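# Analysis of the macromolecular model
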Amino acid sequence: MIKDLFDLNNYDEDEKELKSLIFRKDEFHPAIYEIIRKSITPRYKSFIYHLKDRRIEKTSNKIENAFQKTMSKSRKRTFKTKRGVLKRIYRRNLIWNDNRKKDFENQQSF
């Protein structure tokens, strides 16, 4: 259901669907709902902004999708557990924050 949000092709429709997820708390396992609330909701508009401005690519790296599809089976297997998924989200969040920090520092040097 969450993955399907990122496959929609209309910005307003995506935003509406996300808001509906927030109000459907009882339909999700508490851990999944926390992921929605803490990890997806705050950044959701930046995830789908490419739908509003067609000059923005869906991903920032064209090879990104190929890499995700060719990930080894042992690596993919870790995502089948609650702990593995949460660990991946935590690590991606750290990387995302680190990249934003570097971007900010680079802007300050100009």
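The structure this text deals with has already been given above.
Because the structure is predicted, anything quoted here is derived from the model rather than measured.

### Topic: the side chain of Asp 14
Inspection of the secondary structure puts Asp 14 in helix H2 (residues 11-22). Apart from the residues within four sequence positions on either side, Asp 14 is in contact with Leu 5, Leu 8, Tyr 44, Ile 48 and Leu 51.

### Notes on H2
Given 3.6 residues to a turn, an α-helix orients residues that are three or four positions apart in the same direction. Compared with the 16 Å implied by 1.5 Å per residue over 12 residues, the 17 Å span of H2 between its first and last C-alpha is a close match. Along its buried surface, H2 packs onto helix H1 (2-5), helix H3 (30-40) and helix H4 (44-48). Residue Asn 10 occupies the N-cap position of H2, its side-chain oxygen lying 2.9 Å from the main-chain nitrogen of Asp 12.

### Considerations on the nonpolar core
In a soluble, globular protein the nonpolar side chains are often hidden away together inside. Judged by nonpolar contacts, Leu 5, Tyr 11, Leu 18, Leu 21, Phe 28, Tyr 33, Ile 35, Ile 36, Ile 40, Tyr 44, Ile 48 and Leu 51 together constitute the single largest core of 12 residues. For this core, the secondary-structure elements that each account for two or more residues are H2, H3 and H4. Here the element with the most residues in this core is H3; it accounts for four residues. What Leu 21 contacts, discounting residues up to four positions off in sequence, is Met 1, Ile 2, Leu 5, Phe 28 and Tyr 33.

### Quick look at the pattern of salt bridges
In the structure shown here, the tally under the stated rule is five salt bridges. We note a salt bridge from Glu 27 to Arg 24, for which the minimum N-O separation is 3.3 Å. Taking the relative accessible area as the measure of exposure, Glu 27 reaches 53% and is therefore exposed. Look at Arg 24 and you get partly exposed, because its relative accessible area is 24%. One connected set of salt bridges, linked through shared partners, spans Glu 34, Arg 37 and Lys 38.

### Here we look at H3
Those residues of H3 that fall on the buried side of the exposure criterion are Ala 31, Tyr 33, Ile 35, Ile 36, Ser 39 and Ile 40. Contact partners of the buried residues in H3: H1, H2, H4 and helix H7 (82-108).

Rules and cut-offs
- Residues numbered from 1 in each chain as written.
- Predicted model: local features only at pLDDT ≥ 70, side-chain atom pairs only at ≥ 80, totals over all residues.
- Heavy atoms only, no water.
- Helix = DSSP H or I, 4+ residues; strand = E, 2+ residues; numbered from the N terminus.
- Contact = heavy atoms within 4.5 Å.
- Expected span 1.5 Å × (residues − 1).
- Polar contact = N/O pair within 3.5 Å; in protein donor to acceptor, adjacent residues only side chain to side chain.
- Core = buried A, V, L, I, M, F, W, Y, C linked by side-chain atoms within 4.5 Å.
- Buried < 20%, exposed > 50% of the residue type's maximum accessible area, 1.4 Å probe, protein only.
- Salt bridge = Lys/Arg side-chain N within 4 Å of Asp/Glu carboxyl O.

This is a description of form; function is not addressed.
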